[in-house]
Structures are given as structure tokens and as C-alpha cells.
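As a plain string of letters, each chain reads:
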Amino acid sequence: MRALLLSLLIRQHMALQEKFNAKYPHAWLVWEAGAWNVPEEQNVAATRLPMMDLRDCLPAGDALCFELMGVADRGPLKLGRASHNTFVVNDATVSREQFALHSTPDGGWKVERLAQSRPVTVNGEVLEAEQPRLLRTGDELKVGDVRLTFHDAPSFHARIGRIAAQVLAQAAAPPPPQR
């Protein structure tokens, strides 16, 4: 399973254009920018990109994107703080094993909070342990201080395209006058 920075995917979208959709035809789970609670030190650091040059300008916060590829013989994709999970979210507010994602026969995805994990909400509603729920595009999962957004392939491509257009518009804009 791949985990890629949103900023990298934006650059690839700008370079590949129409070929981007064929290269990334799967659903995605996006770990949105925000506070990151480092487990070992218990301190909080804001996730943000360095802004050095306008030509390298990207959105103020970066995000980590997990590509969801359903492989029936592999079983569910697990997310949690422990290194044995399919997707590792190393944040102190996330359980070692938080939830599992199951692919459905029709190409969709279900989320299931694992027993003994911290609470998970989907669009503000508490997800009961071991009670799978079908995910819809745009659903926001919240675990502690971590926000994750589920996207099917078309909505993910649309999101990347909107951000890429904003980045190109910023890069093309004349620099502000200096005083």
C-alpha cells in the first residue's frame, strides 16, 4: 500500500495531466493537515510546508494520502499507531490498532472500529466497535486529534485538480510590489 504526500500528488497531477487518473485509479484516505501529537515526547507540532519560493508554493498544510487498494486475499487494511498496521499514523491520540478498512464486492469500502481502540467518529457520529459502516466519499473520520477524509477515485482526482489549479494560478500571479 502506498502513502504519498498530497503535495507530491499535486505535482504529479500537473506533470501527468490526463494520465494521472489512470496512474491512481483507487480510493484514498487522506490524513488532513493539523496538529501532530508525537507519542514519545508528548509535544505538539503543527504540520506545515516550508514556504521558500513562490515557484515552489503549495498549500499551507500538507497531508498524507493513503491509497486504498482492495486485495481480497490480504484481508482488511488496518490503521493505527503500531508499525505492523497497513497504515501507520504515529500520533499519541491514535490507538496502536484503531480501525480496519474492508473492501466491498462492488468496489466500495467499510470502516470498522477495532475492539479496545479509542473512539472513532464518522461525520461526528460515534462508530461502535466491531460494527462496520459503509464509507461515502467525503466522509470525515476523526480519531483523537487526527482527521481523515475518505475519497473515491473521482472525488480524489477532483480535489487534486482544484488544488493544482490554485497552485498554478499562484505561480502565475505577479509578485506583490516591494516597498
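Residues numbered from 1 in each chain as written. Predicted model: local features only at pLDDT ≥ 70, side-chain atom pairs only at ≥ 80, totals over all residues. Heavy atoms only, no water.

*Asks:* Would you mind showing me how to read the pattern of salt bridges here?
*Replies:* Any two side chains of opposite charge can pair, on the condition that their charged atoms come close. Counted by the stated rule, this structure contains 4 salt bridges. Across the pair Arg-133 and Glu-125 runs a salt bridge, and its minimum N-O distance is 3.5 Å. (Salt bridge = Lys/Arg side-chain N within 4 Å of Asp/Glu carboxyl O.)

*Asks:* Before we go on, may I ask you to explain the sheet that holds strand S13 (residues 140-143) in this structure?
*Replies:* In a beta sheet, neighbouring strands pair by backbone hydrogen bonds and run either parallel or antiparallel. Reading across from one edge, S1-S5-S2-S14-S13-S10-S11 is the order of the 7 strands in this open sheet, with antiparallel pairing throughout. Sheet topology places strand S1 (3-5) and strand S11 (125-126) at the edges, where each strand pairs with a single neighbour. Here strand S10 (residues 121-122) pairs with S13 via 2 bridges, running antiparallel. Looking at the pairing, Thr-121 lines up with Lys-142 of S13. Contacts between helix H1 (residues 6-16) and the sheet are confined to S1, strand S2 (27-31) and strand S5 (64-68), with S1 contributing the most and set at about 75 degrees to the helix. Seen against the sheet, helix H3 (residues 153-172) touches S2, S5 and strand S14 (146-151) and runs at an angle of roughly 115 degrees to S14. (Pairing = 2+ DSSP bridges. Helix = DSSP H or I, 4+ residues; strand = E, 2+ residues; numbered from the N terminus. Contact = heavy atoms within 4.5 Å. Axes fitted to C-alpha atoms, helices over the stretch in contact; angles between N-to-C directions.)

*Asks:* I would appreciate a short explanation of the packing of aromatic side chains in the present structure.
*Replies:* Two descriptors summarise a pair of aromatic rings, namely the distance from one centre to the other and the angle between the planes of the rings. On inspection of all chains with the given rule, the structure shows 4 aromatic pairs. By way of ring pairs, the aromatic residues Phe-20, Tyr-24, Trp-28 and Phe-156 are connected into one cluster. (Phe/Tyr/Trp six-rings, centres within 6.5 Å; stacked < 30°, edge-to-face > 60°.)

*Asks:* Hey, could you run me through H1 in this one?
*Replies:* Structurally, the α-helix is built with 3.6 residues per turn, so residues lying three or four positions apart point the same way. Considered for burial, the residues of H1 that qualify are Leu-6, Ser-7, Leu-9, Ile-10, Gln-12 and His-13. Against S1, helix H2 (19-23), S2, S5 and H3 lie the buried residues of H1. Following H1 by one or two positions, Gln-17 has its phi on the positive side, about 50 degrees. (Buried < 20%, exposed > 50% of the residue type's maximum accessible area, 1.4 Å probe, protein only.)

*Asks:* Looking at this structure, I do not really get unusual backbone geometry. What am I missing?
*Replies:* It is generally the case that most residues other than glycine have a negative phi and that most peptide bonds are trans. Phi is positive for Gln-116, close to 70 degrees, though the residue is something other than glycine. Locating Gln-116 in the fold gives a position in the loop between strand S9 (109-113) and S10. According to the relative accessible area criterion, Gln-116 is exposed, its value standing at 80%. Positive phi, close to 60 degrees, is recorded for Glu-130, a residue that is not glycine. Along the chain, Glu-130 turns up in the loop between S11 and strand S12 (133-134).

*Asks:* Please clarify how H3 should be interpreted in this entry.
*Replies:* Here H3 contains 20 residues, and its C-alpha end-to-end distance of 28 Å stays within 8% of the 28 Å for a straight helix at 1.5 Å per residue. Of the surrounding elements, those touching the buried residues of H3 are H1, H2, S2, S5 and S14. (Expected span 1.5 Å × (residues − 1).)

*Asks:* I'm lost on the sheet that holds strand S8 (residues 99-103) in this one. Help?
*Replies:* The sheet built from 5 strands is open, its strands ordered S7-S6-S8-S9-S12 with mixed pairing. Two strands close off the open sheet at either side, each with one partner strand: strand S7 (87-88) and S12. As judged from the 5 bridges shared by S8 and S9, these two strands associate in the antiparallel manner. Note on S9: the bridge partner recorded for Ala-100 is Glu-112.

*Asks:* What exactly am I supposed to notice about the nonpolar core here?
*Replies:* Most often, soluble globular proteins keep nonpolar side chains buried together rather than apart. Among the nonpolar cores identified, the biggest contains 23 residues, and Leu-29, Leu-68, Phe-99, Leu-101 and Leu-148 are the most heavily contacted of them. Contributing elements (two or more residues each) for this core: S2, S5, strand S6 (77-80), S8, S9, S13 and S14. Among residues more than four places away in sequence, those in contact with Phe-99 are Leu-29, Leu-77, Lys-78, Leu-79, Val-111, Glu-112, Arg-113, Leu-114, Val-120, Leu-141, Val-143 and Leu-148. By size, the runner-up hydrophobic cluster in this structure holds 15 residues, among which are Leu-4, Ile-10, Phe-20 and Cys-65. (Core = buried A, V, L, I, M, F, W, Y, C linked by side-chain atoms within 4.5 Å.)

*Asks:* For this particular structure, what's the right way to read the pairing of S5?
*Replies:* Along any regular strand the residues' side chains alternate between the sheet's two faces. Among the 5 residues of S5, 4 are classified as buried, and the element is accordingly described as predominantly covered. Across 3 bridges, the pairing between S1 and S5 is antiparallel. From the neighbouring strand, Ala-3 faces S5, where its bridge partner is Phe-66. In terms of strand pairing, S2 meets S5 through 5 bridges, oriented antiparallel. Along S5, the bridge assignment pairs Leu-29 with Phe-66.

Read these as spatial facts, not as claims about activity.
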